[in-house]
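# Chain and residue survey
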Amino acid sequence: MITRIFDCLLPITKCNFECSYCYVMQSHNRTEKYADLKYTPEHIANSLTVSRLGGECLFVICGQGETLLQPEIVMITKRLLENRHYVMLTTNGTVSSVIDALISEAGDNIKRLCISFSLHYIELKRTGKLDVYFNNIKKIRKAGGSIQCNIRLCDDYIKIIDEIKERVKDELGAYPQCKIGRASCRERV
């Protein structure tokens, strides 16, 4: 039973996408920097034991950029899972090498890992990574992890929403979850 939920914002602003509706880009905070972590994954794990926190916890980790680009994310996730915690990571789903490393390092603890795949449909199409995105979701599922497919509505999606729904339904067997809120898109610069 989960006793606490920790919602963690990883201050990485590095990203491999340029989504027109990104609040980080719109506020001119896309500095393309990794988070400057003051502690090692081992130190973090030693500080966040089940006994110290009073039970198993859920750690929800999301970056201000692409979460999986942070070099320590695999080891942080591994250590939290080894401590019997649950971990949910948010990603754009395109960093295949890190997805593979998470599966490998999680081992039997993969059942405690959930990956929240943000569906940045237009950017995935623009970069030719739609297949990569869906293949990575399928890899996590096959390995025994949990997945979410989420989309934040954007004005540009209105005219292609049926295409999006059809593609996700064909690939995953269900429609994506819609995130609350609706961002305005702007043209990429």
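Figured I'd write up the structure that's included with this text.

What counts and how
Residues numbered from 1 in each chain as written. Predicted model: local features only at pLDDT ≥ 70, side-chain atom pairs only at ≥ 80, totals over all residues. Heavy atoms only, no water. Core = buried A, V, L, I, M, F, W, Y, C linked by side-chain atoms within 4.5 Å. Buried < 20%, exposed > 50% of the residue type's maximum accessible area, 1.4 Å probe, protein only. Contact = heavy atoms within 4.5 Å. Helix = DSSP H or I, 4+ residues; strand = E, 2+ residues; numbered from the N terminus. Expected span 1.5 Å × (residues − 1). Axes fitted to C-alpha atoms, helices over the stretch in contact; angles between N-to-C directions. Parallel < 35°, antiparallel > 145°, perpendicular 65-115°, else oblique. Left-handed = near helix turned anticlockwise from the far one by under 90°. Pairing = 2+ DSSP bridges. Phe/Tyr/Trp six-rings, centres within 6.5 Å; stacked < 30°, edge-to-face > 60°. Lys NZ or Arg CZ within 6 Å of the ring centre and 35° of its normal. 1 Å grid on protein atoms, 1.4 Å probe; cavity = no way out; pocket = protein on both sides within 12 Å on 5 of 7 lines; lining within 4 Å. Points joined across faces, edges and corners; volume = space filled by probe spheres on them.

## A look at the nonpolar core
- Leu89 and Leu119 are the most contacted members of the largest nonpolar core, which has 45 residues in total.
- If near-sequence neighbours (up to four positions away) are discounted, Leu119 is found in contact with Tyr21, Leu124, Tyr133, Cys149, Asn150, Ile151, Tyr157, Ile164, Val168 and Pro176.

## Topic: helix 8 (residues 161-172)
- Taking 1.5 Å as the rise per residue, helix 8 with 12 residues should run 16 Å; its terminal C-alpha atoms sit 16 Å apart, in good agreement.
- Elements in contact with the buried residues of helix 8: helix 6 (121-126), helix 7 (130-143) and strand 5 (146-154).

## So, the packing of helix 4 (residues 73-82) against helix 5 (residues 96-106)
- As a packed pair, helix 4 and helix 5 sit with axes 9 Å apart at the nearest point and diverge in direction by 25°. Taken together, the axis directions place helix 4 and helix 5 in an arrangement best described as roughly parallel. Judged by the sense of rotation from one axis to the other, the crossing of helix 4 with helix 5 is right-handed. Two secondary-structure elements touch here, helix 4 through Ile73, Val74, Met75, Thr77, Lys78 and Leu81 and helix 5 through Val98, Ala101, Leu102, Glu105 and Ala106.

## A closer look at the pairing of strand 2 (residues 56-63)
- In terms of residue burial, strand 2 counts as a mostly covered element, since seven of its eight residues are buried.
- The pairing of strand 1 (residues 2-10) with strand 2 spans eight bridges and is classified as parallel. Its bridge partner being in strand 2, Ile5 is matched across the sheet by Leu58.
- Of the pairings in the sheet, the one linking strand 2 to strand 3 (residues 86-91) comprises four bridges and is parallel in character. Looking across to strand 3, one finds that Phe59 is bridged to Val87.

## A few points about unusual backbone geometry
- One non-glycine residue, Arg84, adopts positive backbone phi at about 75°.
- Position of Arg84 among the secondary structure elements: in the loop between helix 4 and strand 3.

## Focus: the packing of aromatic side chains
- Scanning the entire structure with this criterion turns up three aromatic pairs.
- Geometrically, the ring pair formed by Phe117 and Tyr133 is edge-to-face, given 5.9 Å between the ring centres and 85° between the ring planes. Taken together, the residues span a long stretch of sequence, with Phe117 in strand 4 (residues 113-118) and Tyr133 in helix 7 at a distance of 16 residues. Assigned by exposure class, Phe117 and Tyr133 land together as buried.
- On the basis of an interplanar angle of 85° and a centroid distance of 5.1 Å, the ring pair of Tyr133 and Phe134 is categorised as edge-to-face. The exposure classification of Tyr133 matches that of Phe134, with both residues buried.
- Taken together, the ring pairs connect Phe117, Tyr133 and Phe134 into an aromatic cluster.
- If you follow Lys165 out to its NZ or CZ, it ends over the ring of Tyr175, 5.4 Å from the centre.

## Details of the layout of surface pockets
- What the second largest pocket holds in volume is close to 360 Å³.
- Considering the residues around the second largest pocket, the lining is formed by 18 residues, among which Cys8, Leu37, Ile44, Leu48 and Ile76 are closest to the centre.
- Residue assignment for the lining of the second largest pocket shows that the elements contributing at least two residues are strand 1, helix 2 (41-47), strand 2 and helix 4.
- The greatest single-element share of the lining of the second largest pocket, amounting to four residues, is contributed by strand 1.

## A closer look at the environment of Ile115
- On the secondary structure map, Ile115 appears in strand 4.
- According to the relative accessible area criterion, Ile115 is buried, its value standing at 0%.
- C-alpha separation for the pair Ile115 and Arg141, spaced 26 residues apart in sequence, amounts to 9.5 Å.
- Other than its neighbours up to four places away in sequence, Ile115 contacts Leu89, Thr91, Leu102, Ile140, Ser146, Ile147 and Gln148.

Read these as geometric descriptors, not functional statements.
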